[in-house]
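A closer look at the structure
Each chain, letter by letter, is given below.
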Amino acid sequence: MTEPDIFGKTVPILIRNVTLNNKPAEIYLDGTGNISAVAEKITDHDAEFIIDGNGATALPGMVNMHTHSPMGLLRGYSDDMPLFEWLSTKIWPTEAHLTENDIYWGAKLACLEMIRTGTTTFNDMYFMMDNVARAVDEAGIRACLSYCMIDGGDHAKFESECSVMEKTVAALKARNNPRIMPGVSPHAIYTVSEEGLRWCAEFSRTENIPLHIHVDETDENPDCIKAHGMRVVPWLDHCGVLSERCIAAHCCWLDADDIALFAQRNVTAVHNPVSNMKLTVGRALPYPEMKAAGVNVALGTDGASSNNDLDMFAEMKTAAILQKFFWNDPTVMPADEALAVASRNGAKALGLNAGIIAPGYLADIILVGRNPANVPAFNTTSNAVYATSGLAVDTTICNGAVLMHEGIIPGAEEILKKSEEVAFDLVRRATA
Ligand SMILES: CSC[C@H]1O[C@@H](n2cnc3c(O)ncnc32)[C@H](O)[C@@H]1O
Ligand SMILES: [Zn+2]
């Protein structure tokens, strides 16, 4: 039986009886939010709590690098449509009715699902982000939160969007929560003007915060060439968007020159295989070429209205098998790379010392309990990537605080009930 007091506190914790990289291990979290020791046996400690893993596999917390957390309210509301028809006939008309309370409960639901399935950090883009921040603060998870700018080429809208962006970043910083980082998000090249892209690039530079954008989800190149005389990636570079702070979601339609420019500018590309296949965007992120060029590739689920879940284990398996299938090569994205793409590559893009279980790293750790899909443990990384569902995670620790233990997350029932009420009410208002 779990002691209720174990939840939510960054205190000294000893994790015993786990397997780490195929070896028996103990992990000590010293109560600062960091890992302070990893060894076969730890005797010198001051633990307030001891977690017995009972043979669980210890893994770094997953880092979901492209989400729209409140969109879980529209999970299953409309499926099986092409991207632009889905957005313009179903999603945008409903989003027009969103309130701050909807955003808050949608984000609470997303945080709950992520903690349940082993994600400890997410990179989110949406609207009314201070409500998302409140949910993140309460959940104990880590996030980079960005307001999504859409100016549609209208100068007055551009000015009001800049003001919302500035206020959002200031409000997120004022929270002074080390788990909450602000970012800036121009939505995409087809919804944001040149002045919008340039402003976001400059704001990201002066604030030194990530810039998160949709790039080439569908083939945006023919329209971009028509409008600006160049492909999407050179256009973004022309607008100053490409840098080591840039996190580009999707990247399905990049060519060799685009990839070389990403490598030169140290851009992180985020693979979203489930959303891309479901919306049938036509191509997969060119992982082998990106890897060869040295581009940092991370992984994201996209929103739970297009995925339709936030389970990074499902995403990791899908990424590995999609890449093998698409390039007709079973050696592409082996298990250890899939795990890195789903954890430390995302952490690196956000400037977090996370994604690795070793002394000095952030104590963002998950335990996959012994279960039929985790036996035999010839290779715990293989089992994690190819056999494990996120629902097999039984313990989630973020910043040294236990958020889930033995599958229990305090307050889960209330979040399920409230978020479902809010979702039905949103759709009722939008369709009245
Ligand atoms: C991303 S928040 C801003 C805006 O984007 C819409 N959106 C949701 N999913 C996608 C997608 O896959 N591609 C492009 N835009 C998307 C969302 O509904 C919001 O209105
Ligand atoms: Zn998206």
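Residues numbered from 1 in each chain as written. Chains lettered and ligands numbered in written order. Predicted model: local features only at pLDDT ≥ 70, side-chain atom pairs only at ≥ 80, totals over all residues. Heavy atoms only, no water.

For the zinc ion (ligand 2), the full set of protein donor atoms is H66 (NE2), H68 (NE2), H214 (NE2) and D302 (OD), at a range of 2.1 to 2.5 Å. Its four donor atoms give the zinc ion (ligand 2) angles of 82 to 173° at the centre, a pattern that matches the irregular case. (Donors = N, O, S within 2.8 Å, 3.2 Å for Na, K, Ca; no water. Tetrahedral: all angles 85-135°; square planar, octahedral: opposite > 155°, others 65-115°.)

Before going further, it helps to spend a moment on the sheet that holds strand β14 (residues 393-398). One open sheet holds the seven strands; their spatial order is β3-β2-β1-β4-β13-β14-β15, and the pairing between them is mixed. Each end of this open sheet is capped by a strand with a single partner; those strands are β3 (35-39) and β15 (401-404). Neighbour-to-neighbour, the strand axes of this sheet turn through a mean angle of 35°, independent of strand direction. The pairing of β14 with β15 spans three bridges and is classified as antiparallel. Looking across to β15, one finds that I397 is bridged to V402. (Pairing = 2+ DSSP bridges. Helix = DSSP H or I, 4+ residues; strand = E, 2+ residues; numbered from the N terminus. Axes fitted to C-alpha atoms, helices over the stretch in contact; angles between N-to-C directions.)

This brings us to the UniProt feature "binding site: Zn(2+)" (unreviewed entry) in the protein. The UniProt record annotates "binding site: Zn(2+)" (unreviewed entry) at H66, H68, H214 and D302. In terms of the greatest pairwise C-alpha distance, the residues named above, spread along 237 residues, form a tight cluster of at most 11.7 Å across. Tracing the chain through its elements places H66 in strand β5 (residues 62-67). Judged by its relative accessible area of 0%, H66 falls in the buried class. With residues up to four places along the chain from it excluded, the contact list for H66 reads N123, M125, H212, H214, A249, H250, V270, N272, L299, G300, T301 and D302. A polar side-chain atom of H66 sits 3.4 Å from a polar atom in the side chain of H68. Along the chain, the position of H68 falls in the loop between β5 and α1 (83-95). Setting aside residues up to four positions removed in sequence, H68 forms contacts with D124, M125, Y126, H214, D302 and G303. (UniProt positions renumbered as here; feature names shortened; annotations may be inferred. Buried < 20%, exposed > 50% of the residue type's maximum accessible area, 1.4 Å probe, protein only. Contact = heavy atoms within 4.5 Å. Polar contact = N/O pair within 3.5 Å; in protein donor to acceptor, adjacent residues only side chain to side chain.)

Under the defined criterion, the tally for this structure stands at six aromatic pairs. A ring pair is formed by Y104 and W105, whose centres lie 5.1 Å apart and whose planes are at 75°; its orientation type is edge-to-face. Measuring from ring centre to ring centre gives 5.1 Å for F326 and W327, while their planes differ by 80°; the resulting arrangement is edge-to-face. The exposure class of F326 is partly exposed, given its relative accessible area of 35%. Residue W327 is classed as partly exposed on the basis of its relative accessible area, which comes to 29%. One aromatic cluster is present, formed by Y126, F127 and Y147 through successive ring pairs. In this structure, K90 packs its charged tip against the face of Y77, placed 5.9 Å from the ring centre. In this structure, R283 packs its charged tip against the face of W253, placed 5.5 Å from the ring centre. (Phe/Tyr/Trp six-rings, centres within 6.5 Å; stacked < 30°, edge-to-face > 60°. Lys NZ or Arg CZ within 6 Å of the ring centre and 35° of its normal.)

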